[in-house]
Amino acid sequence: MMEIRNNYRDNKDLRDRFNALAQKVHGLNFENWYQNGYWKDYYNPYSVIIDGKIVANVSVNEIDFMWNQDMKHLIQIGTVMTDPEFRNRGLIRLIMQQIEQDYEGKYDGIYLFANNSVLNFYPKFGYHKEEQYEYQKQVSVKVDRTVVSVSMENKQEWDAMKAIIEESKNFYSFDMANNSELQMFYLSQFMKKNVFYVKPLNAYVVAEENDSELLIYAVYSKQKVDLEEIIHAFGTSVKSVRLGFVPENKETYECKLMNDPNTTLFVKGKVFDHFSEKRLMFPLLSYA
């Protein structure tokens, strides 16, 4: 017997089966995210169940974005996975059709990130490829490092960071809104060592340092801060900066076409008509 189930977040039995497939296919487990209270209604898995086992899944992520001073309600498709024993049976197609039916007319646009093995699949549902652009530059920092690491090892510290995110000003020209829980999926698990504090600015930074390159994923502060001051707070070892978002002030950055050989953006909806023309990218911490 086969059925498609969704909205089962609080059903432990189904959640365990979902996590088993996510672990098997992607090496992911959503249980801590759930137990910490960060799995909200925004994230809705659609799963195929055959003989009591979840064998395929496509998740819907409802995400609002502030875009040109206007709030847009977008849907991101993610956590696409099929048990190897059940592949090539059209299960993902069935789920996509169900999602299309359930969400028709309920969003401004829908998008997803696909790997190169399925580039011919999503156009069958009306999606088309879209380019993304990232911002980077070379820098010369003359001051000593002032950032300090922020401990992210327990629920109390995670909840404190979640509150900081929710109180933060918007720093980007295209920014995810009202979804601190998705960012906490990263910060409470894979990126616990990537949070820093800049005391003179009272600002928190999510960043990754690779030799002399600084990748800034996000900046959180109750007041506007100068991104240049954030960069300089990381000290003289920084020679180049790459941003995981689109800055408000683009003029001082080099804009380059994103070139990830295994991640292709597919979109659907008129809201994306001028996406590449505006040289935008989805913030890296908004990927689901």
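Before going into details, it helps to say that this report is about the structure given with it. Every chain begins its residue count from 1, and numbering advances along the sequence as written. Where local features are concerned, this predicted model is filtered to residues with pLDDT of at least 70; where side-chain atom pairs are given and counted, the filter is 80 or more; whole-chain, interface and lining totals use all residues. Processing note: side-chain calculations cover all non-hydrogen atoms of the structure and skip hydrogens and water entirely.

### Thoughts on the side chain of glutamine 136
To qualify as a helix, a DSSP run of H or I must reach at least 4 residues; to qualify as a strand, a run of E must reach at least 2; elements of each kind are numbered from the N terminus. Its place among the elements puts glutamine 136 in strand E7 (residues 133-138). By the convention used here, residues are in contact when the closest approach between their heavy atoms is within 4.5 Å. Among all residues touching glutamine 136, those that are not within four sequence positions of it are Val241, Arg242, Tyr253, Glu254 and Lys256.

### Details of the environment of glutamate 208
Mapped onto the secondary structure, glutamate 208 falls in strand E11 (residues 203-210). When accessible area is computed with a 1.4 Å probe and restricted to protein chains, residues below 20% of their type maximum are described as buried, those above 50% as exposed, and intermediate ones as partly exposed. The exposure class assigned to glutamate 208 is partly exposed, which follows from its relative accessible area of 26%. The spatial distance from the C-alpha of glutamate 208 to the C-alpha of methionine 191 is 9.0 Å, given a sequence separation of 17 residues. For glutamate 208, the contacting residues outside a window of four places in its chain are Asn194, Glu213, Leu214, Leu215 and Tyr217. The term polar contact refers here to a pair of N or O atoms within 3.5 Å; inside protein, the definition further demands a hydrogen-donor-capable atom paired with an acceptor-capable atom, and it admits residues adjacent in sequence only when both atoms are side-chain atoms. A distance of 2.8 Å separates polar atoms of two side chains, one belonging to glutamate 208 and the other to tyrosine 217.

### Considering the pattern of salt bridges
Salt bridges are counted wherever a side-chain nitrogen of Lys or Arg sits within 4 Å of a carboxyl oxygen of Asp or Glu. A full pass over the atoms with the stated rule returns 20 salt bridges. In this structure, arginine 15 and glutamate 31 form a salt bridge, with 2.9 Å as the shortest nitrogen-oxygen distance. With arginine 15 in helix H1 (residues 12-26) and glutamate 31 in helix H2 (residues 31-35), this pair connects stretches of sequence that are 16 residues apart. Just as arginine 15 is buried, glutamate 31 falls in that class too.

### So, the side chain of glutamate 134
Residue position: glutamate 134 is located in strand E7. For glutamate 134, a relative accessible area of 14% translates into the label buried. Each residue touching glutamate 134, except ones within four places of it in the same chain, is listed here: Arg242, Glu254, Cys255, Lys256, Met258 and Met281.

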